[in-house]
Amino acid sequence: MEVTNDNIVILEGLFVQPPEFSHELFGEEFYTGLFSVNRLSDSKDILNITISKKLLPENDSLLEQYTKITGQLRSYNKVVGSKNKLLLTVFARDLEFPELHAEEPNLIELTGYICKDPIYRMTPFGREITDLLMAVNRQFNKTDYIPVIAWGRNAKYTKNMQVGDMLKITGRLQSRGYTKTYPDGRTEDKIAYEVSSSSIQKVYSINDLSEKDEDSEENDKNLNIS
């Protein structure tokens, strides 16, 4: 199966929930579990993992082993009541049990397209933030829709970008708890999964570069007119 570099996730940590059977596809069994990754602070990100039975070690408890997962971040829609809910999971392609721990245990690299108008806002603490929804292509003409948050300078950089702009993003996959308040006053604790970006770069197509070169040449001509 062909693997692209548009969507790469590398995590290190511990399973806090052993993988349990989820579904079978083309005769292959897949399991899901919860995986804990330490942040630089004392907090942790608890992330959803989907893994083939072929990768699971036999007769060993994953709960006791420091584990490295390499894979992709994937999305799918789940119908909850009358609404579709976007769910994110890390699809594991490789499982290792390293003795040495990485300095950065949570790394994700994405290349995709903005598929919804960016939303720029200020946090209650006065930090600038832009919410992005990225469409990342996958094999077999499938697409993953991944929420990304940009902070500070990256927030300013992306706030005026347009649907269809292509970005290369580096960051980490995080889980974030929040409380949702309904119109009737009810509240519910929820968990959001998103990519917190550290680096964002706009990717230009060949056509875009050609147009930029033409603009530069035209500007040079104008500057040479006496």
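To be clear, the structure that these remarks concern was listed above.
All values reported here derive from a predicted model rather than from experimental measurement.

A closer look at the pattern of salt bridges
Working step 1: Under the criterion given, the structure shown has 10 salt bridges.
Working step 2: Residue Glu29 pairs with Lys53 through a salt bridge whose shortest N-O separation is 3.8 Å. Residue Glu29 is found in strand β2 (residues 28-38), and its partner Lys53 is found in the loop between β3 (44-52) and β4 (67-80); the two are separated by 24 residues along the sequence.
Working step 3: Salt-bridge contacts for Lys156 lead to Glu128; the nearest nitrogen and oxygen are separated by 3.7 Å. You can see Lys156 sitting in helix α1 (residues 152-158) and its partner Glu128 sitting in strand β8 (residues 128-138), a full 28 residues away along the chain.
Working step 4: The partly exposed category is assigned to Lys156, whose relative accessible area is 49%.
Working step 5: Taken together, the salt bridges that share partners define one network made up of Arg39, Asp45 and Arg172.

A word on the packing of aromatic side chains
Working step 1: Here the structure, examined in full by the defined rule, presents three aromatic pairs.
Working step 2: Ring centres 5.0 Å apart and planes at 70° place the aromatic pair Phe15 and Phe35 in the edge-to-face group. One end of the pair, Phe15, is in strand β1 (residues 7-25); the other, Phe35, is in strand β2, and 20 residues separate them in sequence. For the pair formed by Phe15 and Phe35, the shared burial category is buried.
Working step 3: A centroid spacing of 5.9 Å and a plane angle of 40° characterise the contact between Phe30 and Phe91, whose relative ring orientation is tilted. A residue pair is termed long-range when its members are at least 10 positions apart, and Phe30 in strand β2 and Phe91 in strand β5 (residues 83-96) qualify at 61 residues.
Working step 4: With a relative accessible area of 6%, Phe30 lands in the buried category.

Criteria and thresholds
Residues numbered from 1 in each chain as written. Predicted model: local features only at pLDDT ≥ 70, side-chain atom pairs only at ≥ 80, totals over all residues. Heavy atoms only, no water. Salt bridge = Lys/Arg side-chain N within 4 Å of Asp/Glu carboxyl O. Helix = DSSP H or I, 4+ residues; strand = E, 2+ residues; numbered from the N terminus. Buried < 20%, exposed > 50% of the residue type's maximum accessible area, 1.4 Å probe, protein only. Phe/Tyr/Trp six-rings, centres within 6.5 Å; stacked < 30°, edge-to-face > 60°.

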